[in-house]
Amino acid sequence: MTGALDGIKVLDLSRILAGPTCTQLLGDLGAEVWKIENPGSDGDDTRKWGPPFVDGPDGQRTDLSAYFMCANRNKLSVGVDIATAEGQAIIHQLAAQADVVIENFKPDGLKKYGLDHDSLLGAHPQLIYCSISGYGQTGPNRSKPGYDLMAQGYGGIMSLTGEPEGRPMKVGVGIADVMCGMYATVGILAALRHRDATGEGQHVDIALVDSQIAWLINEGVAHLTTGKERKRQGNEHATIVPYQTFEAADGHVLVAVGNDSQYARFCDYLGRPDLAEDPAFATNPARIENRTKLLKIIEGLMVERSMQDILDGLEARKVPVGPVNTLGQVFASEQVAAREMKVDMARDDVRGGAVSLIGNPLKFSKTPVTYRHPPPHFGEDTDAVLEWVEQVAKAAPQS
């Protein structure tokens, strides 16, 4: 079976995480992705972002860092220096055969090479040209560099993350980059749909900070509704109680009481049905108002019980509950195996003969995700792709 994007060709001028997240997803869906990497810097910056790195059969470090591999499977690595006339000509030859171009240079950063959206769309009007930047192609901050950390700070998520009395805290992974890559993917797919209907390509402009602001969701709209700053809640929920982590005798568990009937069953498990009958705690608004007093009681009861007792007791009562897993526990779980969220991709030039990666969460009944190409070494597909381009050019009708 072929992927949903079988036949789509993507010219990938991006690096680091946001753009590569987008192009890996397009590749997983069946697109052919040409990852252009700069020979002068030995490729994508993240090839050097380690340890950890994958070792070769001889035990020597390769250019496959874990960071690079997380967003670069299903791609062909092509070494091209876009600062040269020869490199620019190659990009134009590839663009002539591509459906999508994606880049994450600063606004106007590619203009001096004749590879900006106006130039490429002018020459190849069928293209979907997606630009990812820190603040977008317009606005007073357009020329500022964009990194995930700055986007999390500027876009407000750090003000909502962390303990109430602690410092603002970033999310544990580059989530602003990842979400920007997801929004970019949606934009590209919508633009492809429009092109299929009309024949028109177009420019998709997406900013790291814009996408960060977009996923402030309920907290952002709560601020817009009230005009008041939102407060950090740690692992608690701003508008639901109890909905948080609790310390058990041997670890931590999550309890997510979504309504008053679940709360009553939770209190039954605790052996304190009176807490569900007390007017101070009987409804969620009352629990919000008396949060501190109630949580002190619950915490004292939970810490005396084991994680397994809590999980079994609340699951039996249909109260949402779960463990706080380590990554080792995550990837060793039967659920991960059943959902194929860990995949091994063969490479005979690395120790062990394969690299382990996180699987794609999309499950299709007709056009399944495929894992065709493991993350590439720098430039390993240059000759094959450029030979293909040359053959296509020779076969094209002469005007």
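Just so it is clear, the structure is predicted and the values come from calculations on it, not from any experiment. (Residues numbered from 1 in each chain as written. Predicted model: local features only at pLDDT ≥ 70, side-chain atom pairs only at ≥ 80, totals over all residues. Heavy atoms only, no water.)

**Observations regarding unusual backbone geometry**
- A cis amide bond links Gly50 to the next residue, Pro51, at an omega of 5°.
- Position of Pro51 relative to the elements: it lies in the loop between strand 2 (32-37) and strand 3 (53-55).
- Backbone torsion omega between Val241 and Pro242 reads -5°, so that peptide bond is classified as cis.
- Relative to the assigned elements, Pro242 resides in the loop between helix 9 (217-226) and strand 9 (243-248).
- Within the chain, Ile217 stands out as a residue other than glycine whose phi angle is a positive 35°.
- Considering the arrangement of structural elements, one finds Ile217 in helix 9.
- By relative accessible area, which is 55% here, Ile217 ends up exposed. (Helix = DSSP H or I, 4+ residues; strand = E, 2+ residues; numbered from the N terminus. Buried < 20%, exposed > 50% of the residue type's maximum accessible area, 1.4 Å probe, protein only.)

**So, helix 3 (residues 85-97)**
- Taking 1.5 Å of rise per residue, the 13 residues of helix 3 would be expected to cover 18 Å, and the 19 Å separating its terminal C-alpha atoms lies within 8% of that figure.
- Here helix 3 has its buried residues at Gly87, Gln88, Ile90, Ile91, Leu94 and Ala95. The buried residues of helix 3 occupy an angular sector of 155° when the element is viewed end-on, so they sit on one face. Of the exposed residues in helix 3, the ones pointing more than 90 degrees away from its buried face are Ala85 and Glu86.
- On its buried side, helix 3 packs onto strand 1 (9-13), strand 2, helix 4 (117-123) and helix 17 (382-395). (Expected span 1.5 Å × (residues − 1). Arc of directions from axis to C-beta. Contact = heavy atoms within 4.5 Å.)

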